[in-house]
Amino acid sequence: MGLISQKSFFCLFLITSVLFILSWFSVLRLSGRTHSLDLSIWQSPSDLAVPDDNDENSESRYGDNFEEVSSSNKDVIKCSSNREEVLKVFMYDLPSEFHFDLLGWKDKGNKSVWPDIRINIPEYPGGLNLQHSIEYWLTLDLLYSEFVSKDLSGRSAVRVRNSSEADVVFVPFFSSICYNRFSRLKPHEKKTRNTLLQQKLVTYVTSQKEWQKSGGIDHIVVAHHPNSLLDARSQLWPAMFILSDFGRYPPTIANVDKDVIAPYKHVIRSFVNDSSEFDTRPTLLYFQGAIYRKDGGIVRQELFYMLKDEKDVHFSFGSVQKDGIKSATQGMHSSKFCLNIAGDTPSSNRLFDAIASHCVPVIISDDIELPYEDVLDYSEFSIFIRTSDALKEKFVINLTRSIRKDEWTRMWKRLKEVESFFEYQFPSRANDAVQMIWQAIARKVPAIKMKLHKGKRYSRTHAPREGWLNSINLPNNFW
């Protein structure tokens, strides 16, 4: 009897299951739509496959304009002479008080806000001022692009006069030199020139139709000195900032997704015709600079006491005064490894001095962000050490001494291959620092366009309020 009951129960379950499945087929057919998976929306297997290095038809996954740098490829960018592939930049004709006047330049009756760079190029102040001179080189490059518009070989950006044709809008404010030279209050002043210019800048930029159209997210503002644009950054934060690091910015004002990290301009002399070898560089580890720093830079002090008595290690205080740059040049050119330790902020010019010296950088800065790291692998020519490990007894010295001659030579050769990516010069050349920065900006453009397009979704059904730009709230965690 029990066996019969089990068979009956099984038959009932089987019949119920079949009826259930048939009912679903009926529902799908009555819906009038096909519910099979449309394979056409998927990429073909060839699209999903990893490209073969030997395949002549394979293309960079970054597009035609740039590809990731590898040890076997010295050219980080495949530049094109096609105008459609260069970044189109609209630059505001800001009054000269915001840029070249800060360098001592004055218009001599030409009634132009810009110097004629075909005749005379205003010089940027030397010394440590130069390390944050990025806006100067970018501005010169845009001005120069108008004289070479028929030959775009090696160029990554060109100035356009019509903002409707532009990918981005460049704000030519020399914020770093403005801070360095004009941030101290004079006896007859109520506000510094630096503060006044920032206030005027915000008024000018936010009143322009280009800013009001986009809310500023397609604007480029350079603030490479960590203390530059201190007042204006809270109002211009929707723009893309060009920075040295994020050390003095809350993430809602500046972050790696929105902004671009640019290299410092190195201040020591480049090592031209470097034929040195592992055995001809007598100093194992080199550091010369400010030792006693605040914030995250306190690690410098700790490392000083740990390394100062080690043989073949140079760890001393130094500055640009009294032939300091000449001394640092000689020291770095004769060293195998150069320490780049966090200071008051995560970055310092010392990294780029080391690259120019072909001295393998030893980077001890947990929060550092590096230029073009989305296309450039720094581990091929640098050593990274966590701060917690660096403070362990003998860790740094043992690690550097463990690196063999062949491994150091490989990194040294790679330094010589990539050094041009960090070189500022005028006129700019293909894949130097200026062109690399434009390329880094260009890689942000698709995200900018997506934000702008999404912002237009409900433009037909919801008219923006007048003065909506002024109603943008300051992020809560901005200090």
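Definitions and cut-offs
- In every chain, residue numbers begin from 1 and rise along the written sequence.
- Only residues with pLDDT of 70 or above have their local features reported here, since the model is predicted, and side-chain atom pairs are shown and tallied only from 80 upward, although totals for entire chains, interfaces and linings are computed over all residues.
- Calculated side-chain values reflect all of the structure's heavy atoms, with hydrogen atoms and water omitted.
- UniProt positions are given in the numbering used here, feature names are shortened, and annotations may be inferred rather than shown by experiment.
- Helix numbering and strand numbering both begin at the N terminus, where a helix is a DSSP run of H or I of at least 4 residues and a strand a DSSP run of E of at least 2.
- Summary of the burial criterion: residues with accessible area below 20% of their type's maximum are buried, those above 50% are exposed, and those between are partly exposed, where the area comes from a 1.4 Å probe applied to protein chains only.
- Every residue pair with non-hydrogen atoms within 4.5 Å of one another is taken to be in contact.
- We define a nonpolar core as any set of buried Ala, Val, Leu, Ile, Met, Phe, Trp, Tyr and Cys residues linked to one another through side-chain atoms lying within 4.5 Å.
- Two strands pair under a simple rule: DSSP has to find at least two bridges between them.
- To obtain each axis, a line is fitted to C-alpha atoms, and for helices this fit is confined to the stretch in contact; angles are then taken between N-to-C directions over 0 to 180 degrees.
- Side-chain rings of Phe, Tyr and Trp (the six-membered ring for Trp) are treated as a pair once their centres are within 6.5 Å; stacked means planes under 30 degrees apart, edge-to-face means over 60, and tilted covers the remaining angles.
- Throughout, a disulfide means two cysteine sulfur atoms within 2.5 Å of one another.

- The name an unreviewed UniProt entry assigns to the protein chain is Probable arabinosyltransferase ARAD1, from the organism Coffea arabica.
- According to the UniProt record, the Sequence similarities (unreviewed entry) comment for the protein chain is "Belongs to the glycosyltransferase 47 family."
- Here the protein chain is described in UniProt, under the heading Subcellular location (unreviewed entry), as follows: "Golgi apparatus membrane".

1. Focus: the environment of C338
At step 1: Inspection of the secondary structure puts C338 in strand β9 (residues 335-341).
At step 2: Judged by its relative accessible area of 1%, C338 falls in the buried class.
At step 3: For the pair C338 and S357, spaced 19 residues apart in sequence, the C-alpha separation works out to 9.3 Å.
At step 4: The residues contacting C338, other than those within four sequence positions of it, are Y286, M332, A354, C359, V360, P361 and V362.

2. Details of helix α4 (residues 175-182)
At step 1: Within the span of α4, buried status applies to S175, S176, I177, C178 and F182.
At step 2: The inward-facing, buried residues of α4 contact α3 (134-145), α5 (193-206) and β4 (219-222).

3. Quick look at the nonpolar core
At step 1: The biggest cluster of nonpolar side chains holds 109 residues, and the ones touching the most others in it are F315, L339, W438 and I441.
At step 2: For I441, the contacting residues outside a window of four places in its chain are L87, V168, I220, M240, I242 and V260.
At step 3: Within the second largest apolar cluster, 7 residues are counted, among which are Y286, M332, C338 and C359.

4. Quick notes on the sheet that holds strand β5 (residues 240-243)
In any sheet, the strands associate via hydrogen bonds between backbone groups, in a parallel or an antiparallel arrangement.
At step 1: Within the open sheet, the 6 strands sit side by side as β2-β1-β3-β4-β5-β6. Their pairing is parallel. Of all the strands in the sheet, just β2 (157-159) and β6 (260-261) have a single pairing partner and so form its edges.
At step 2: The pairing of strand β3 (residues 168-171) with β4 spans 3 bridges and is classified as parallel. Its bridge partner lying in β4, V169 is registered against H219.

5. A few points about unusual backbone geometry
At step 1: For the bond running from F426 to P427, omega is -5°, close enough to zero to count as cis.
At step 2: Mapped onto the elements, P427 comes out in the loop between α13 (405-418) and α14 (433-442).
At step 3: The phi angle at L229 is positive, at roughly 60°, despite the residue not being glycine.
At step 4: Tracing the backbone through its elements, the reader meets L229 in the loop between β4 and α7 (233-236).
At step 5: On the accessibility criterion, L229 (1% relative accessible area) is buried.

6. Structural notes on the sheet that holds β9
At step 1: Within the open sheet, the 5 strands sit side by side as β8-β7-β9-β10-β11. Their pairing is parallel. The open sheet has two free edges, formed respectively by β8 (313-317) and β11 (383-384), since each of these has just one partner strand.
At step 2: Note that strand β7 (residues 283-289) and β9 share 3 bridges and pair parallel. The residue of β9 that forms the bridge with Y286 is C338.
At step 3: Sitting on the sheet, helix α8 (residues 298-307) is in contact with β7, β8, β9 and β10 (360-364), with an inclination near 135° to β8.
At step 4: Sitting on the sheet, α13 is in contact with β9, β10 and β11, with an inclination near 95° to β10.

7. Let's talk about the packing of aromatic side chains
At step 1: Overall, the coordinates contain 24 aromatic pairs when judged by the stated rule.
At step 2: Residues F100 and Y136 carry aromatic rings whose centres are separated by 6.3 Å and whose planes lie at 65° to one another, so their mutual orientation is edge-to-face. With F100 in the loop between β1 (87-91) and α3 and Y136 in helix α3, the pair connects residues that are 36 residues apart, well separated along the chain. As far as the burial class goes, F100 and Y136 line up, both buried.

8. Here we look at the state of the cysteines
At step 1: What the rule picks out here adds up to 1 disulfide.
At step 2: In this model, C338 is linked to C359 through a disulfide, with the two sulfur atoms separated by 2.1 Å. Note on the C338 and C359 pair: the S-S dihedral is about 105°, so by sign convention the disulfide is right-handed. Of this pair, C338 sits in strand β9 while C359 sits in the loop between α10 (350-357) and β10, and the two are 21 residues apart along the sequence.
At step 3: Under the relative-accessibility criterion, C359 is labelled buried at 0%.

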